[in-house]
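# Results of the structural survey
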Amino acid sequence: MPNVPPLNIPADAAIAQPSFLMGVATASYQIEGAADEDGRLQSIWDTYCDEPGRVLNGDHGDVACDHYHRWEADTDLIASLGVDAYRMSIAWPRVMDEKGRPNAKGIAFYKHLLDRLNAKGIQTYVTLYHWDLPQHLQDRGGWASRETAYAFADYADLMTRELAGKVTAWATLNEPWCSAFLGYGIGRHAPGVTDLRQTTQALHHLLLGHGLALAKIKANDPKAKRGIVCNTGVFGPRHDTAADKDATYLAYVQQNYWVFDPLMLGSYPQDLFRLWPGCEPLVLPGDMDTIATPMDFLGINYYFRTEIESDGKGGYQEAPHDNPVERTQMGWEIYPQGLTEILVDFNARYPDMPPVFITENGMASDDSVGADGGVADPQRITFLERHLMAVNTAMAAGVDVRGYFIWSLMDNFEWAYGYERRFGITHVDYTTQVRTLKHSGLAVQGYLQARKQRPQR
Ligand code: IFM
């Protein structure tokens, strides 16, 4: 076993206290595999992966990390890290048939998994929708159709009845911005649609489904926490000009406020329609109240900063990557202070913001197993340290952050980038399915062991 020092976090930092929850995260389609087993239906990602040119190297989630068969050992792996919590998602196509009837075998998989996690004292943060919409619902319009919001509420109703008492915290959706904009706006995610009118309508239906699902969770599993997980973007102007500054503001509107304003303030930011004139969604009476239902927590995912410039047409575009900044395998700029900035910005903009969990943060690197059997990923270790300290700074500035989940427990199917981009603190050999804790995983494990042994403040 290589000798890797623990994460370098001062013992007196707020984030180093045992009350600050530390976890690892995954999602169903990215790890489960077993695409055709036990009655699982086709999802929009199965369809998208089958379309030539959509996913790098023609990769797909048919086998992924084979977690559906390796869940017991994977649970042991999670426990061995010493984390407080595990964030996972449920595959909708695995648990309901086309008529909305329960699929007992699929549901049993999640019951066993949650029972094992609970038996090991690991808190369970379960996301209902992490992008794997059943294809039969897409065939009827997907999220662009209002019916999908009600179908989602039915699915939430079923799962929260079946799994009540086993879940610490339910998140309705993961990153609805990605589902709407990447899926319906630029077609970089399933279902691969490129239509801005459908994009704003899809987001509206996702958020409506979220609000309807919150009521189901409250009724069926009242002791569990209820929230949502959203991605955030941090932006800076390329040039100190009024045009680039306005472009940067529009990037904030499109990537953050479009999603967070309806949830926290009950309205869409009108400046969005400067960017997308004529794309206002159809909103029925009562929808915005449903969407703005109070929650117990807000899950925030943060990864990188983007430099923005005006596109010369009243909109914005990403500036070329020709500035000398540190980047990850994804080409994403490493900008830890962005996490502080966005938390402080939201805390001021949303006076009723509930407690926050950082539900995803992490990075991809081109990791491989070395001659000594170890996986050296030094950039990820300092990435995690720097971002954890950025959370600490936000907490010192008054933001109520309760925990932090590393994306990801293990390398997995990175959507349009397939298996080439490795986000895990555990390396996965996709030929043998052997899991190897990377140096970052060992550093996290060492840090959490030391944290447990320290006398409490
Ligand atoms: O892998 C994804 C995850 O599914 C959602 N948030 C971002 C991660 C990295 O791209």
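Look up: the structure comes first, before these words.
Residues numbered from 1 in each chain as written. Predicted model: local features only at pLDDT ≥ 70, side-chain atom pairs only at ≥ 80, totals over all residues. Heavy atoms only, no water.

### Considerations on the packing of helix α7 (residues 146-162) against helix α9 (residues 196-220)
Axes are the key here: two packed helices are described by the angle between their axes and the distance separating the axes. One way to put it is that α7 packs onto α9 with a least axis distance of 8 Å and a crossing angle of 25 degrees. Between α7 and α9, the angle is such that the two are roughly parallel. Our pair here, α7 against α9, has a crossing hand that is right-handed. Between α7 and α9, the contacting residues are Arg146, Ala149, Tyr150, Phe152, Ala153, Ala156, Asp157, Thr160 and Arg161 on the first element and His205, Leu208, Gly209, His210, Leu212, Ala213, Lys216, Ile217 and Asn220 on the second. When its residues are assigned to classes, the contact of α7 with α9 shows 9 nonpolar, 5 polar and 4 charged. (Axes fitted to C-alpha atoms, helices over the stretch in contact; angles between N-to-C directions. Helix = DSSP H or I, 4+ residues; strand = E, 2+ residues; numbered from the N terminus. Parallel < 35°, antiparallel > 145°, perpendicular 65-115°, else oblique. Left-handed = near helix turned anticlockwise from the far one by under 90°. Contact = heavy atoms within 4.5 Å. Nonpolar A, V, L, I, M, F, W, Y, C, P; charged D, E, K, R; others polar.)

### Description of the packing of aromatic side chains
Per the counting criterion, the structure on display carries 36 aromatic pairs. Taken together through their ring pairs, the aromatic side chains of Tyr29, Trp45, Tyr48, Trp131, Phe413, Trp415, Tyr419 and Tyr430 make up a single cluster. Lying over the aromatic face of Tyr68, Arg94 brings its terminal NZ or CZ to 4.2 Å of the ring centre. Arg305 extends its terminal NZ or CZ atom over the ring of Tyr335, reaching a point 4.7 Å from the ring centre. (Phe/Tyr/Trp six-rings, centres within 6.5 Å; stacked < 30°, edge-to-face > 60°. Lys NZ or Arg CZ within 6 Å of the ring centre and 35° of its normal.)

### A closer look at empty space enclosed by the protein
Taken as a whole, this structure holds 4 cavities of 30 Å³ or more when the rule is applied. Looking at the largest cavity, its volume works out to about 70 Å³. Surrounding the largest cavity, Ile44, Trp45, Tyr129, Trp131, Trp143, Cys178, Ser179, Tyr184, His189, Ala190 and Pro191 form its lining. Looking at the lining of the largest cavity, the elements that each hand over two or more residues are α2 (44-50) and α8 (176-185). Residues that form the lining of the largest cavity fall into these classes: 9 nonpolar, 2 polar and no charged. (1 Å grid on protein atoms, 1.4 Å probe; cavity = no way out; pocket = protein on both sides within 12 Å on 5 of 7 lines; lining within 4 Å. Points joined across faces, edges and corners; volume = space filled by probe spheres on them.)

### Considering the sheet that holds strand β8 (residues 305-310)
Taking strand neighbours across the sheet as the criterion, the 3 strands line up as β6-β8-β9 in an open arrangement whose pairing is mixed. Here the strands that pair on one side only, and so sit at the sheet edges, are β6 (234-237) and β9 (316-318). When the angles between neighbouring strand axes are averaged without regard to direction, this sheet yields 45 degrees. One ladder, built from 4 bridges, connects β6 with β8; its direction is parallel. Across the sheet, Pro237 pairs through a bridge with Ile308, a residue of β8. The sheet strands contacting helix α10 (residues 242-265) are β6, β8 and β9, and the helix crosses β6 at an angle near 170 degrees. (Pairing = 2+ DSSP bridges.)

### Examining the packing of α10 against helix α13 (residues 337-349)
Where α10 meets α13, the axes come as close as 12 Å, and the angle between the chain directions of the two elements is 40 degrees. Taken as axis vectors, α10 and α13 run oblique relative to one another. With respect to the hand of their crossing, α10 and α13 are arranged in right-handed fashion. Here Tyr252, Asn256, Tyr257, Phe260, Asp261 and Leu265 of α10 lie close against α13, whose contacting residues are Ile342, Asp345, Phe346 and Arg349. The residue inventory of the contact of α10 with α13, partitioned by class, reads 6 nonpolar, 1 polar and 3 charged.

### Considering helix α5 (residues 104-119)
Since the α-helix turns once every 3.6 residues, residues separated by three or four places project in the same direction. In a regular helix each residue adds 1.5 Å, so 16 residues correspond to 22 Å; α5 covers 22 Å between its end C-alpha atoms and thus fits that length. Listed in full, the buried residues belonging to α5 are Gly106, Ile107, Phe109, Tyr110, Leu113, Leu114 and Leu117. All buried residues of α5 fall inside an arc of 150 degrees around its axis, so they share one side. Away from the buried face of α5 by more than 90 degrees, exposed residues Ala104, Lys105 and Ala119 are located. (Expected span 1.5 Å × (residues − 1). Buried < 20%, exposed > 50% of the residue type's maximum accessible area, 1.4 Å probe, protein only. Arc of directions from axis to C-beta.)

### Structural notes on the layout of surface pockets
Within this model, the largest pocket holds a volume of roughly 970 Å³. Taken together, 44 residues form the lining of the largest pocket, with Trp177, Cys178, Leu182, Phe304 and Trp332 sitting closest to its centre. The set of elements that each furnish at least two residues to the lining of the largest pocket consists of α8, β6, β8 and β9. Across the lining of the largest pocket, the residue classes tally to 21 nonpolar, 13 polar and 10 charged.

### Points about the pairing of β8
Of all 6 residues making up β8, 5 are buried, and the element is well covered by its neighbours. Taking the residues that link successive antiparallel strands as the turn, the β8-β9 hairpin has 5 residues, and the phi of Gly312 there is positive, at about 75 degrees.

### Structural notes on the side chain of Asp244
Among the structural elements, Asp244 can be located in helix α10. The buried charged residue Asp244 lacks any salt bridge partner; its closest oppositely charged side chain belongs to Arg238, at an N-O distance of 6.9 Å. At 2.9 Å, the side chain of Asp244 forms a polar contact with the backbone nitrogen of Ser310. Setting aside its immediate chain neighbours within four residues, Asp244 contacts Pro237, Arg238, His239, Ile308, Glu309 and Ser310. (Lys, Arg positive; Asp, Glu negative; His and termini not counted. Salt bridge = Lys/Arg side-chain N within 4 Å of Asp/Glu carboxyl O. Polar contact = N/O pair within 3.5 Å; in protein donor to acceptor, adjacent residues only side chain to side chain.)

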